[in-house]
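An overview of the molecular structure
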Amino acid sequence: MKTTSSLLENAPVLLRDWATAFLPARARWFADSLIDIVAILAVFGLLFAFLTLAERKILGRVQNRPGPNRAGWFGLLQPFADGIKMLTKEDVVPAAADQVLHFLAPVVLLAFSILTFAVIPYGRNLVPLDLDAAVVFFFAASSSTELAVFMAGWASHNKYSLFAAMRALAQLVSYELPLLLSVVPVALATGTLSTTGIVAAQAGWKWGLVPRWLVFTPWGAAAFAVFMVSALAESNRSPFDLPEAESELIAGHLTEYSGFKYALFFMAEYFGMCALSGMAVTLFLGGWQAPLPALEFIPSYAWFAVKLLALLSGFIWIRATLPRLRIDQLTRLAWKLLVPLALVNLVTAGFWELSAGWQGAHQPLRWAVAIVLVAGPALLLGRSLGSGIGPRTYRYA
Amino acid sequence: MNAILLLIALATLGTAIVAMSGRNLLHSVLLLAVSWSGVAAFYLWAGAQFVAFAQVLVYLGAISMVVLFAVLLTRRAREDFGAPHNLTTRSRFAVAAGAAVAAVLLWAVSRSPLAGSKGPAPTVTVRDLGRQLLGQHAAALLVIGVLLTLALIGAVVLAAVDSPDFPEDAP
């Protein structure tokens, strides 16, 4: 792989090395890690702040209203106003609540969601923790957040919170399966579970034009679709935002939370969304690779940021567009559509890898078989999912 | 290095003991989760990254959920979360079952030929691990899969038994 040596490309690493050059080796390792942590928290903290603003602005524009525009120019100071409001609000803990668990739930949730940022490669040589089993680490950390959701619901000593926590858990457990299954073919194709290895496997261009990103293979596109739908559900985003549907389910397991703890839950949600989008970029969209050889002069971390922001705007767009699913529709979608599709996709990926040597006239055949394998089950299952249900008739009492 | 191991062992065993002796079932489950992550920390200490992450993924992500769902779906009120009445018989059986498992494990460990602890630890990549698991040890992997499926069915059967305490729960 060609390594670009432009100053801008290596600026973050050079800057860090320059800052810690005077320290002895052991202390330097510690200081380097500390700088990584501070950088991640600062960047994603600010991203969280402005993501809330962008979301409110975009939702406002979609609904034909201006959105927040009072605090600062274009409403740019709104996130900080929100932060001050949240910090100064009274923190109400129910008298009957399990005090320790009630306090621990947001802390555990946030801690595990921050852990997931550790293994994402943000650019060339810009991965905080280069593990051999990085993908497993990521999903281990993100699945541990479910425990915190339960703690929040149970510790509140409120039956609605508990119901909502069980509902949220049913959703999270259901969608974790397709999420993990859609990642398996990536490991199959790239032969590694390390995130840097997966990005490196997607380097280069076919005919110098089409990047070798996994999303441009039939099974990759299907896996990407399954991954993104599951990611929407895993991060409690609309149309799967049942866990905290503010308007009708009284914010679910967060009913008894207020002030800063409530803000922490939302911070964890946005962090989870950013981390899952970052993982989707890494797994399917070539990570920090540029889309064209001519565009390689732009630093790799800028490409990662562009792809990440594109996915995040997609999340916001979906929230503005789609209505919320009911819990039975939601679990049916997971078990009857996404899980079978992800399993079939495993076969498709296997076929794609076995037929990698096909040449000439076999090449269109390979594409045709793979596309049939992807689209056929999707169409069949999708049709059977909706049969016999619609159209609903409403009777008013 | 050994101080870290001691700390991990204390945390793992301590939380497990508190979990077993506590009267609040939900607290016990959450403490058990801490104990399981202690086991993961031990794997990390021993240099087995993949096993450590898999331990967290399976135990904290899945098994704790199964236990929580089981507890919540089989109890009716908050007051029920205390320990059951016939504690002595249950604990006798529990100790017997635990001792049996421990005996089998100890027997297996003492029988297996372990390389001496001298020399540097081998670096095993996930790739090697996968090749070993799906090549040489594929049969063992399949047996474990069948065992887990059986455990799942067993759990469903256990949970579905209608208890005389709540006649209205009977189908």
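Quick caveat, the model's predicted, so the values are computed rather than measured. (Residues numbered from 1 in each chain as written. Chains lettered and ligands numbered in written order. Predicted model: local features only at pLDDT ≥ 70, side-chain atom pairs only at ≥ 80, totals over all residues.)

1. What to know about the overall build of chain B
- Helix and strand counts for chain B stand at six helices and zero strands.
- Each helix (α) and strand (β) of chain B, taken in turn from the N terminus, gives the series α-α-α-α-α-α.
- Looking at chain B as a whole, 16% of its 171 residues qualify as buried.
- When contacts within chain B are restricted to residue pairs at least 6 apart in sequence, those whose partners lie at least 24 apart make up 50%. (Helix = DSSP H or I, 4+ residues; strand = E, 2+ residues; numbered from the N terminus. Buried ≥ 20, exposed ≤ 12 C-beta atoms within 10 Å, placed from the backbone. Contact = placed C-beta atoms within 7 Å.)

2. A word on the overall build of chain A
- Of regular secondary structure, chain A possesses twelve helices and two strands.
- The N-to-C order of helical and strand elements in chain A reads α-α-α-α-α-α-α-β-β-α-α-α-α-α.
- Scaling as 2.2 N^0.38, a compact globule of 397 residues should have a C-alpha radius of gyration of about 21 Å, and chain A matches this with 23 Å.
- Across its three principal axes, chain A shows a C-alpha extent of roughly 70 × 70 × 40 Å.
- Buried residues in chain A amount to 39% of all 397 residues.
- Excluding contacts between residues fewer than 6 apart, the proportion of contacts in chain A whose partners are at least 24 apart in sequence is 77%. (Rg over C-alpha atoms; globule rule 2.2 N^0.38 Å.)

3. A word on the confidence of the model for chain B
- Of the residues in chain B, 80% have a pLDDT of 70 or more, and the chain-wide mean is 80.
- Interface confidence for the predicted complex, given as ipTM, is 0.79, next to a pTM of 0.85. (pLDDT = per-residue confidence, 0-100.)

4. A closer look at the interface of chain A and chain B
- With 20 residues of chain A at the interface, the matching set in chain B holds 18 residues.
- Elements represented by at least two residues in the side of chain A that touches chain B include exactly helix 5 (134-155) and helix 6 (159-190) of chain A.
- Here the element with the most residues in the side of chain A that touches chain B is helix 5 of chain A; it accounts for eleven residues.
- For the side of chain A that touches chain B, the per-class residue count stands at 14 nonpolar, four polar and two charged. (Nonpolar A, V, L, I, M, F, W, Y, C, P; charged D, E, K, R; others polar.)

5. A few points about the packing of helix 8 (residues 218-234) of chain A against helix 12 (residues 362-386) of chain A
All names here are of chain A.
- Look at helix 8 against helix 12: their axes get within 9 Å of each other, and the N-to-C directions meet at 20°. Classed by the angle they form, the pair helix 8 and helix 12 counts as roughly parallel. Between helix 8 and helix 12 lies a crossing whose hand is right-handed. Contacts between helix 8 and helix 12 involve Pro218, Trp219 and Ala222 from the first element and Trp367, Ala370, Ile371 and Val374 from the second.
- Across the contact of helix 8 with helix 12, the residue classes break down as seven nonpolar, no polar and no charged. (Axes fitted to C-alpha atoms, helices over the stretch in contact; angles between N-to-C directions. Parallel < 35°, antiparallel > 145°, perpendicular 65-115°, else oblique. Left-handed = near helix turned anticlockwise from the far one by under 90°.)

6. Focus on the packing of helix 5 of chain A against helix 6 of chain A
All names here are of chain A.
- Running from N to C, helix 5 and helix 6 point in directions that differ by 175°, and their axes come no closer than 8 Å. Comparing their axes, helix 6 and helix 5 come out roughly antiparallel. Of the residues in helix 6, those in contact with Val135, Phe139, Ser143, Glu146, Val149, Phe150, Ala152, Gly153 and Trp154 of helix 5 are Ser161, Leu162, Ala164, Ala165, Ala168, Leu169, Leu172, Glu176, Leu180, Val183 and Ala187.
- Class assignment for the residues of the contact of helix 5 with helix 6 results in 15 nonpolar, three polar and two charged.

7. Examining the nonpolar core
- Core analysis: the biggest nonpolar cluster contains 116 residues, and Phe137(A), Met151(A) and Ala280(A) have the highest contact counts within it.
- The element that contributes the greatest number of residues to this core is helix 5 of chain A, accounting for 16 residues.
- The residues contacting Phe137(A), other than those within four sequence positions of it, are Val119(A), Leu131(A) and Phe53(B). (Core = buried A, V, L, I, M, F, W, Y, C linked by C-beta atoms within 7 Å.)

8. Things to note about the domain arrangement of chain A
All names here are of chain A.
- Parsing chain A into structural domains produces domain 1 (12-88) and domain 2 (93-353).
- Here domain 1 and domain 2 have C-alpha centroids that lie 20 Å from each other.
- Each partner contributes residues to the interface: domain 1 has 15 residues there, and domain 2 has 16 residues.
- Counting residues per element, the ones that place at least two in the side of domain 1 that touches domain 2 are helix 1 (7-20), helix 2 (25-62) and helix 3 (78-88).
- Of the residues contributing to the side of domain 1 that touches domain 2, the split by class is 13 nonpolar, no polar and two charged. (Domains from an automatic or database assignment.)

9. Brief notes about unusual backbone geometry
Residues and elements named next belong to chain A.
- Located in the positive-phi region is Phe74, a residue other than glycine, with phi close to 60°.
- By the element assignment, Phe74 lies in the loop between helix 2 and helix 3.
- With a phi angle near 55°, His157 is a residue other than glycine that sits in the positive phi range.
- Inspection of the secondary structure assignment puts His157 in the loop between helix 5 and helix 6.

10. Brief notes about the environment of Ile120(A)
All names here are of chain A.
- Looking at where Ile120 falls in the secondary structure, it is placed in the loop between helix 4 (99-115) and helix 5.
- What makes Ile120 buried here is the crowd of 26 C-beta atoms within 10 Å.
- Separated by 170 residues in the primary sequence, Ile120 and Ala290 have C-alpha atoms spaced 17 Å apart.
- Beyond its immediate chain neighbours, meaning those up to four positions away, Ile120 contacts Thr195, Ala275, Gly278, Met279 and Thr282.

11. Here we look at the environment of Leu30(B)
Residue and element names in this part refer to chain B.
- Tracing the backbone shows Leu30 in helix 2 (residues 25-45).
- For Leu30, a count of 25 C-beta atoms within 10 Å translates into the label buried.
- Sequence-wise, Leu30 and Phe42 are twelve residues apart; in three dimensions their C-alpha atoms are separated by 19 Å.

12. Some remarks on helix 12 of chain A
All names here are of chain A.
- Over its 25 residues, helix 12 runs 36 Å from end to end, which matches the ideal 36 Å to within 8%, given 1.5 Å per residue.
- Those residues of helix 12 not exposed but buried are Ala370, Leu373 and Val374.
- Its buried side turned inward, helix 12 meets helix 8 and helix 11 (327-354). (Expected span 1.5 Å × (residues − 1).)

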